[in-house]
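# Breakdown of the fold
Chain by chain, the residues:
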Amino acid sequence: MQFLKTVVLALTLVFATTGERMEGLQVGDKAVDFNLKNVDGKMISLKTNKNAKGYILVFTCNTCPYSVMYEDRIIALHKKYAEQGYPVLAIQPNDPQKSPGDSFENMQVRAKQKGFPFPYVMDETQEVTKTYGATNTPHVYVLNKTTGGDFKIEYIGAIDNNSRNAEAASKRYVEEALDNLIGGGDVPITTTKAIGCTIKWGE
């Protein structure tokens, strides 16, 4: 009986530990490339921008209130860091059957309304989103080019610590990560919890 209890306890610990592991890519992993359609109809990959030293890869959408609150901040990040080699690349991950407001046509409308200065591409099959492990909109991955020409994930999580008020944010995680990378240092905080709407998965 004691042996059985020991086995059950051991199995419980194993499954508990395994269950805590997040799926998808992690900080330190090589970023997986993709080829997705931008709102202008062109196909975009990580290799499209030959001058990129890295990317601010943002999984975002039209319909999530959190994504909308962050739109101006995402635009500001692009304007600040694109000229330093780290442009924004936005990916719309939601299934438009579940979220019609996130259809490709509506993405085109939103991108024009806001004047997005960066690519806004659609993950039609949701395979890229699953590969990266994004769970929310917005969900950010900061990528940095390695000496071999691949891109390494340096940060995963939120843009900052105040979704409702940009001015009140006391921690600007993405900016801190990029400032340190550009300065040749290490990223001080590599992961945070992405706050936003859950991704609308297809059947």
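The notes below deal with the structure included here. (Residues numbered from 1 in each chain as written. Predicted model: local features only at pLDDT ≥ 70, side-chain atom pairs only at ≥ 80, totals over all residues. Heavy atoms only, no water.)

### Side note on the overall build of the protein chain
Along the backbone of the protein chain there are five helices and nine strands. Taken from N to C terminus, the helices and strands of the protein chain fall in the order α-β-β-β-α-β-α-β-α-β-β-β-α-β. In the protein chain, which comprises 203 residues, the proportion classed as buried is 43%. Within the protein chain, contacts between residues at least 6 apart in sequence are counted, and of these 73% link residues at least 24 apart. (Helix = DSSP H or I, 4+ residues; strand = E, 2+ residues; numbered from the N terminus. Buried < 20%, exposed > 50% of the residue type's maximum accessible area, 1.4 Å probe, protein only. Contact = heavy atoms within 4.5 Å.)

### Notes on the packing of aromatic side chains
Inspection of every chain in the model, using the stated rule, returns seven aromatic pairs. With centroids separated by 5.6 Å and ring planes inclined at 70 degrees, the aromatic side chains of F59 and Y141 adopt a geometry described as edge-to-face. Residue F59 is located in strand β3 (residues 54–59), and its partner Y141 is located in strand β7 (residues 139–145); the two are separated by 82 residues in the primary sequence. Taken individually, F59 and Y141 each receive the classification buried, so the pair is uniform in this respect. Taken together, F59, Y132 and Y141 form an aromatic cluster joined through their ring pairs. Here the guanidinium or amino end of K37 rests over the ring plane of F104, the centre of that ring lying 4.5 Å away. One cation-aromatic arrangement involves R73 over Y70; the distance from NZ or CZ to the ring centre is 3.9 Å. (Phe/Tyr/Trp six-rings, centres within 6.5 Å; stacked < 30°, edge-to-face > 60°. Lys NZ or Arg CZ within 6 Å of the ring centre and 35° of its normal.)

### Notes on the state of the cysteines
This structure, assessed with the given rule, holds one disulfide. Through a disulfide, C64 is tied to C197; the S-S separation comes to 2.1 Å. Across the disulfide from C64 to C197, rotation about the S-S bond amounts to roughly 85 degrees, and the bridge is consequently right-handed. Here C197 lies in strand β9 (residues 197–198) and C64 lies in the loop between β3 and α2 (65–81), a separation of 133 residues in the sequence. For the residue pair C64 and C197, the accessibility class agrees, reading buried in each case. (Disulfide = S-S within 2.5 Å.)

### What about α2?
Taking 1.5 Å of rise per residue, the 17 residues of α2 would be expected to cover 24 Å, and the 25 Å separating its terminal C-alpha atoms lies within 8% of that figure. Within α2 the residues assigned to the buried category are S67, Y70, E71, R73, I74, I75, L77, H78 and Y81. (Expected span 1.5 Å × (residues − 1).)

### Comments concerning the side chain of N62
Among the secondary structure elements, N62 is positioned in the loop between β3 and α2. Of the polar contacts made by the side chain of N62, one reaches the backbone oxygen of G101; its length is 3.0 Å. (Polar contact = N/O pair within 3.5 Å; in protein donor to acceptor, adjacent residues only side chain to side chain.)

### Remarks on the sheet that holds strand β4 (residues 88–92)
Taken together, seven strands build an open sheet; the order of strands is β2-β1-β5-β4-β3-β7-β8 and the sheet is mixed. Since the sheet does not close on itself, it has two edges, and those belong to β2 (43–44) and β8 (151–157), each with one partner. Two strands pair when backbone bridges link them, and strand β1 (residues 36–38) and β2 are joined in this way by two bridges, in the antiparallel orientation. In the sheet register, K37 faces β2, and the bridge partner there is M43. Each of β3, β7 and β8 is contacted by helix α5 (residues 173–182), which is oriented at about 5 degrees to β7, the strand it contacts most. (Pairing = 2+ DSSP bridges. Axes fitted to C-alpha atoms, helices over the stretch in contact; angles between N-to-C directions.)

### Let's talk about the layout of surface pockets
Of the voids in this model, the second largest pocket is the one considered here, and its volume is about 170 Å³. If you list the elements that add at least two residues to the lining of the second largest pocket, you get α2 and α5. Top contributing element to the lining of the second largest pocket by residue count: α2, with four residues. Considering only residue class, the lining of the second largest pocket consists of five nonpolar, no polar and six charged. (1 Å grid on protein atoms, 1.4 Å probe; cavity = no way out; pocket = protein on both sides within 12 Å on 5 of 7 lines; lining within 4 Å. Points joined across faces, edges and corners; volume = space filled by probe spheres on them. Nonpolar A, V, L, I, M, F, W, Y, C, P; charged D, E, K, R; others polar.)

All we've got here are geometric facts, nothing functional implied.
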